[in-house]
Amino acid sequence: MDEKTRGRREQAMKELTAQRDAYRKKEGISKGRRGLVIVNTGKGKGKTTAALGLMMRAHGRGLRVKLFQFLKHDTAKFGEHRTLDMLELPYQGLGDGWTWRSKDLENSAELAAHGWALAREAIESGDYDLIVLDEFTYPLKYGWVAWPEVEAVLKARDPNLHVVITGRDALPELVEFADTVSEINPVKHAYEQGIGGQQGIEY
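Quantities reported herein were computed from a predicted structural model and do not represent experimental measurements. (Residues numbered from 1 in each chain as written. Predicted model: local features only at pLDDT ≥ 70, side-chain atom pairs only at ≥ 80, totals over all residues. Heavy atoms only, no water.)

1. Regarding the overall build of the chain
Stage number 1. Across its full length, the chain carries seven helices and six strands.
Stage number 2. Along the chain, helices and strands appear, N-terminal first, in the series α-β-α-β-α-β-α-β-α-α-β-α-β.
Stage number 3. Referenced to the eigenvectors of the C-alpha coordinate spread, the extents of the chain come out at roughly 60 × 50 × 35 Å.
Stage number 4. Evaluated residue by residue, the chain yields a buried proportion of 35% over its 203 residues.
Stage number 5. Expressed as a percentage of contacts within the chain between residues at least 6 apart in sequence, the contacts between residues at least 24 apart total 76%.
Stage number 6. Accessible area of the chain: about 13,000 Å², with a carbon and sulfur share of 51%.
Stage number 7. Distance between charge centroids for the chain: 8 Å, based on 30 positive and 30 negative side chains. (Helix = DSSP H or I, 4+ residues; strand = E, 2+ residues; numbered from the N terminus. Buried < 20%, exposed > 50% of the residue type's maximum accessible area, 1.4 Å probe, protein only. Contact = heavy atoms within 4.5 Å. Areas by Shrake-Rupley, 256 points an atom, 1.4 Å probe, with all protein chains shown as cover. Lys, Arg positive; Asp, Glu negative; His and termini not counted. Charge placed at Lys NZ, Arg CZ, Asp CG, Glu CD.)

Encoded structure:
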């Protein structure tokens, strides 16, 4: 073992020992199931990936899950769609592709509003335990879907239903409302080095 690694190990073992000895389980933590609103936001890679990971975990625990994608179109067959098909998990593409490629932004707005109507129906149906609204921060940010309506639906949902929302620039109101918010920020990205999107990684 080189000197630098040895020093890192020794320092880590001291810190970990101190953390372990100081650990006390927080009091007042509720037990049992409670539906959460979870937001994955920020400019870094991994927001949708994290939400898909939650779907896999929830499915493994027998929860009924569904994915709504607000930018990807309904014929998209990226890696996640192929996996969801194999697992027979439901998903819907609701958009017409990335907004910066849209030839008709009014149509994009209408698709988002229609997509929200479908997602709202699913939220209110009682048929699911976890619903992912992928890239839903954009319709909220652009005013294509009204936050007060979304807030009302989320407040009135089944108290055991988890809702995961992903995308950049989450509204401050959404951040305030949510139970758990993760901001994923970029440190480095291969694209900046001239490396294009990789099959099975980006799509």
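Having put the structure on the table, let's press on.
2. Focus on a negative patch on the surface
Stage number 1. Residues Asp96, Asp104, Glu106 and Glu110 make up a contiguous surface patch of negative charge.
Stage number 2. Note on Asp96: relative accessible area 31%, which makes it partly exposed. (Patch = residues over 30% accessible without salt bridge, like charges linked within 9 Å, V, L, I, M, F, W, Y side chains within 5 Å. Salt bridge = Lys/Arg side-chain N within 4 Å of Asp/Glu carboxyl O.)

3. With respect to helix H3 (residues 79-87)
Stage number 1. Turning to H3, its buried residues number three or more, namely Glu80, His81 and Leu84. Angular distribution of buried residues about the axis of H3 spans 100°; they occupy a single face of the element. Across from the buried face of H3, at angles greater than 90 degrees, the exposed residues are Arg82 and Met86.
Stage number 2. Looking at the buried side of H3, the elements it contacts are helix H2 (47-60), strand S2 (65-69) and strand S3 (91-93).
Stage number 3. At the C-terminal side of H3, Glu88 shows a positive phi close to 60°. (Arc of directions from axis to C-beta.)

4. Side note on the sheet that holds strand S5 (residues 162-166)
Stage number 1. Here we have six strands laid out as an open sheet, ordered S3-S2-S4-S5-S1-S6, and parallel in their pairing. With one partner strand each, in any of the chains shown, S3 and strand S6 (180-183) form the two edges of the open sheet. Across the sheet, the axes of successive neighbouring strands diverge by a mean angle of 10°, strand direction being ignored.
Stage number 2. Where S2 meets strand S4 (residues 130-134), five bridges bridge the pair, whose relative direction is parallel. Along S4, the bridge assignment pairs Val65 with Leu130.
Stage number 3. Packed onto the sheet, H2 meets strand S1 (37-41), S2, S4 and S5 and runs at close to 160° relative to S2. (Pairing = 2+ DSSP bridges. Axes fitted to C-alpha atoms, helices over the stretch in contact; angles between N-to-C directions.)

5. Considering the packing of helix H4 (residues 105-125) against helix H6 (residues 147-156)
Each pair of packed helices gets described by two things: the angle between the helix axes and the distance between those axes.
Stage number 1. The contact between H4 and H6 brings their axes to 10 Å, and the two run at 15°. Taken together, the axes of H4 and H6 lie roughly parallel to each other. Between H4 and H6 lies a crossing whose hand is left-handed. Side by side, H4 and H6 meet where Trp116, Arg120, Ile123 and Glu124 of the first sit next to Glu149, Val150, Val153 and Leu154 of the second.
Stage number 2. Considered class by class, the residues forming the contact of H4 with H6 number five nonpolar, no polar and three charged. (Parallel < 35°, antiparallel > 145°, perpendicular 65-115°, else oblique. Left-handed = near helix turned anticlockwise from the far one by under 90°. Nonpolar A, V, L, I, M, F, W, Y, C, P; charged D, E, K, R; others polar.)

6. Digging into the environment of Arg34
Stage number 1. Residue placement: Arg34 occurs in the loop between helix H1 (3-22) and S1.
Stage number 2. We classify Arg34 as partly exposed; its relative accessible area is 45%.
Stage number 3. The spatial distance from the C-alpha of Arg34 to the C-alpha of Asp169 is 26 Å, given a sequence separation of 135 residues.
Stage number 4. Beyond its immediate stretch of four places on either side in the chain, Arg34 contacts Pro159, Asn160, His162 and Asp179.

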